[in-house]
Amino acid sequence: MKTIVILTGAGISAESGVKTFRGSNGLWNNYRIEEVASPIAWERDPELVLEFYNQRRKQLFEVSPNTAHHALAKLEKKFDTEIITQNVDDLHERAGSKNILHLHGELKKARSTIDPSLVYELKDWPLNIGDQCEKGSQLRPHIVWFGEAVPAIMDAIQIVKKADIFIVIGTSMVVYPAAGLINYVSNEAKKYLIDPNAEEVSGIKNLTVIRKNAGEGVPKLVEELLEMGEL
Ligand code: APR
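These notes cover the structure that comes with them. A quick note: this is a predicted structure, and the numbers were derived from the prediction, not measured.

1. Some details on the nonpolar core
A general feature of soluble globular proteins is that nonpolar side chains tend to end up buried together.
Next, step 1: Grouped together as the largest cluster of nonpolar side chains are 24 residues, with contacts concentrated most on Tyr53 and Trp145.
Next, step 2: Mapped onto this core, the elements with two or more residues apiece are helix H2 (27-30), helix H4 (39-44), helix H5 (46-60), strand E4 (105-112) and strand E6 (139-143).
Next, step 3: Counting residues per element, this core draws most heavily on H5, which supplies five residues.
Next, step 4: Summarising the domain contributions, this core has at least three residues from each of domain 1 (3-18 + 65-104 + 149-228) and domain 2 (27-62 + 110-143).
Next, step 5: Excluding residues that lie within four positions of it along the chain, Tyr53 makes contacts with Val36, Ala37, Leu107, Pro141, Ile143 and Trp145.

Rendered as structure tokens:
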């Protein structure tokens, strides 16, 4: 069975109503990263940081996966399918995909500030000052902040090396190490980039750029791949 690896970014969730980070009306147009998404921000004003993620988590309980998320879940019928996502939403899970690696954490989880191995599912959207882990320390968002290591990156590299087909959907490819993953994909693998604003990409062999929204481009590509079946 051939292996398909998909790297997704905020663009795949845009049509579900979840804001992207860059571009018009992006999150980073309204918030300063260093004030809400970094260890320094947490030290300086933990309530502001918690509020930033509470608002995004609250919205997550109100949105649904879109046709792109659902299309990707169908790939599992004919391919070994691995999703590596930069997104912290749970829309891939809710669309039914099984093998999902969150590079930048998960909005619906919180973790201990003295023992990072203590991670908790949040049943509701608020996470507040005073919410503590079983060892009595303040809980923080289970998110990889700017300036923090990306613990899952080595696993992600091993996954992309296995790809017979590599699909990149809805990411500006400006944040590393995630943006560097494409360099670990074999030259022989077929590669696809789905993004309405995709710029010219040079130096990547076997790449097809599909300048469409994920909601249109992903289901069409998935149908083509399922029809091709065993390559
Ligand atoms: N369908 C597909 N792609 C889309 C759509 C859409 N409907 N709408 C926007 N896009 C594309 C944009 O053209 C852009 O290239 O999605 C991309 C979103 O880019 P960013 O907002 O930079 O999001 P992302 O690439 O996921 O950011 C990476 O940066 O802030 C950090 O940790 C955060 O995981 C995030 C990382």
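Still more ground to cover, so stick around.
2. Details of the pattern of salt bridges
Next, step 1: Applying the stated criterion across every chain, the model contains 14 salt bridges.
Next, step 2: Residues Asp90 and Arg94 are paired through a salt bridge, measuring 3.2 Å at the closest nitrogen-oxygen approach.
Next, step 3: Its relative accessible area of 35% is what places Arg94 among the partly exposed residues.
Next, step 4: Across the pair Glu106 and Lys109 runs a salt bridge whose closest N-O atoms are separated by 3.0 Å.
Next, step 5: The network of salt bridges with common partners includes Arg32, Glu34 and Glu35.

3. Examining the packing of helix H6 (residues 67-74) against helix H9 (residues 214-228)
Next, step 1: Where H6 contacts H9, the two axes come as close as 8 Å, and the packing angle between them is 15 degrees. The orientation of H6 with respect to H9, classified from their angle, is roughly parallel. H9 is crossed by H6, and the crossing has left-handed handedness. Along its contact with H6, which presents Thr67, Ala68, Ala71, Leu72 and Lys74, the element H9 presents Ala214, Gly215, Val218, Pro219, Val222, Glu223 and Leu226.

4. Points about the site of the ligand
Next, step 1: Around the ligand, 21 residues are found, and the nearest of them are Arg22, Thr171, Ser172, Asp195 and Asn197.
Next, step 2: Within the side chain of Glu15, an N or O atom sits 2.9 Å from a nitrogen atom of the ligand.
Next, step 3: The side chain of Asn213 places a nitrogen or oxygen atom 3.3 Å from a nitrogen atom of the ligand.
Next, step 4: Notes on the ligand: free accessible area 730 Å², of which the protein chains cover 90%.
Next, step 5: Taken atom by atom, the bulk of the ligand overlaps the largest pocket.

5. Re the layout of surface pockets
Next, step 1: The computed volume of the largest pocket comes to approximately 1,200 Å³.
Next, step 2: Lining the largest pocket we find 50 residues, and of these Arg22, Gly170, Thr171, Ser172 and Met173 sit closest to its centre.
Next, step 3: Secondary-structure elements contributing two or more residues to the lining of the largest pocket are helix H1 (11-14), H5 and strand E8 (190-194).
Next, step 4: The residue inventory of the lining of the largest pocket, partitioned by class, reads 29 nonpolar, 14 polar and seven charged.
Next, step 5: Taken together, domain 1 (3-18 + 65-104 + 149-228) and domain 2 (27-62 + 110-143) each give at least three residues to the lining of the largest pocket, which thus spans both.
Next, step 6: Around the second largest pocket, the lining is made up of 16 residues, and of these Val18, Lys19, Leu27, Arg56 and Gln59 lie nearest the centre.
Next, step 7: Examining the composition of the lining of the second largest pocket, we find that five residues originate from one element, H5, more than from any other.

Rules of the game
- Residues numbered from 1 in each chain as written.
- Predicted model: local features only at pLDDT ≥ 70, side-chain atom pairs only at ≥ 80, totals over all residues.
- Heavy atoms only, no water.
- Core = buried A, V, L, I, M, F, W, Y, C linked by side-chain atoms within 4.5 Å.
- Buried < 20%, exposed > 50% of the residue type's maximum accessible area, 1.4 Å probe, protein only.
- Helix = DSSP H or I, 4+ residues; strand = E, 2+ residues; numbered from the N terminus.
- Domains from an automatic or database assignment.
- Contact = heavy atoms within 4.5 Å.
- Salt bridge = Lys/Arg side-chain N within 4 Å of Asp/Glu carboxyl O.
- Axes fitted to C-alpha atoms, helices over the stretch in contact; angles between N-to-C directions.
- Parallel < 35°, antiparallel > 145°, perpendicular 65-115°, else oblique.
- Left-handed = near helix turned anticlockwise from the far one by under 90°.
- Near = heavy atom within 4 Å.
- Polar contact = N/O pair within 3.5 Å; in protein donor to acceptor, adjacent residues only side chain to side chain.
- Areas by Shrake-Rupley, 256 points an atom, 1.4 Å probe, with all protein chains shown as cover.
- 1 Å grid on protein atoms, 1.4 Å probe; cavity = no way out; pocket = protein on both sides within 12 Å on 5 of 7 lines; lining within 4 Å.
- Sits in = over half its atoms within 2 Å of the grid points.
- Points joined across faces, edges and corners; volume = space filled by probe spheres on them.
- Nonpolar A, V, L, I, M, F, W, Y, C, P; charged D, E, K, R; others polar.

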